[in-house]
Amino acid sequence: SAADFRPQHIGSFMWSLAKLGMEPSSDLASAISRRTVECADDFDPQDISNLMWALAMLGFEPGGSVSSSIARRTLSTIYSF
């Protein structure tokens, strides 16, 4: 389940969906969004890049809590990119 996903799983899963051109269902998007917020502090630069690329390709707006969580993590890892 999405609750078991680690940041690498989230980034890779969303990247795969975007690569295939498949939008997540609203239930799946909600579950992934919740999990992203829960583990945002564990995202590494590659996970962030994969997730953000996927969201852009899908035209998906993740919402304020996901955006701010990932933005905070990006700022804390900015020199690792």
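This text goes with the structure placed above it.
All residue numbers here refer to positions counted from 1 along the written sequence of the relevant chain. Local features in a predicted model are, by the rule used here, given only for residues with pLDDT of at least 70; side-chain atom pairs are given and counted only at 80 or more, and totals for whole chains, interfaces and linings are based on all residues. With hydrogens and water set aside, each side-chain value is computed from the structure's full complement of heavy atoms.

Caption draft 1: Region of interest: the overall build of the protein. A helix here means a DSSP run of H or I that spans at least four residues, while a strand means a run of E at least two residues long, and both kinds are numbered starting from the N terminus. Of regular secondary structure, the protein possesses four helices and zero strands. Along the protein, helices (α) and strands (β) appear in the sequence α-α-α-α when read from the amino end. For the radius of gyration, the atoms used are the C-alpha atoms, and the globule rule reads 2.2 Å times the number of residues raised to 0.38. For 81 residues, the compact-globule estimate of 2.2 N^0.38 gives 12 Å, and the protein sits close to it at 11 Å. When the backbone C-alpha atoms are referred to their principal axes, the protein occupies close to 35 × 20 × 20 Å. A 1.4 Å probe rolled over the protein chains alone gives each residue an accessible area, and that area as a share of the maximum for its type sets the label: buried under 20%, exposed over 50%, partly exposed in between. Taking all 81 residues of the protein together, 41% fall into the buried category. Throughout, a residue-residue contact means that at least one pair of heavy atoms, one from each residue, lies within 4.5 Å. Within the protein, residue pairs in contact and separated by at least 24 positions form 78% of the contacts whose partners lie at least 6 positions apart.

Caption draft 2: Seen up close, the nonpolar core. Nonpolar cores are built from buried Ala, Val, Leu, Ile, Met, Phe, Trp, Tyr and Cys residues. Side-chain atoms within 4.5 Å join them into one set. Of all hydrophobic cores here, the largest spans 17 residues; its most connected members are Ile10, Met14, Ile32, Phe43, Leu51 and Ile70. Mapped by element, the contributors of at least two residues to this core are helix H1 (7-20), helix H2 (26-38), helix H3 (45-58) and helix H4 (64-77). No other element matches H3, which puts five residues into this core. If near-sequence neighbours (up to four positions away) are discounted, Met14 is found in contact with Pro24, Ile32, Leu51, Ala54, Leu55 and Leu58.

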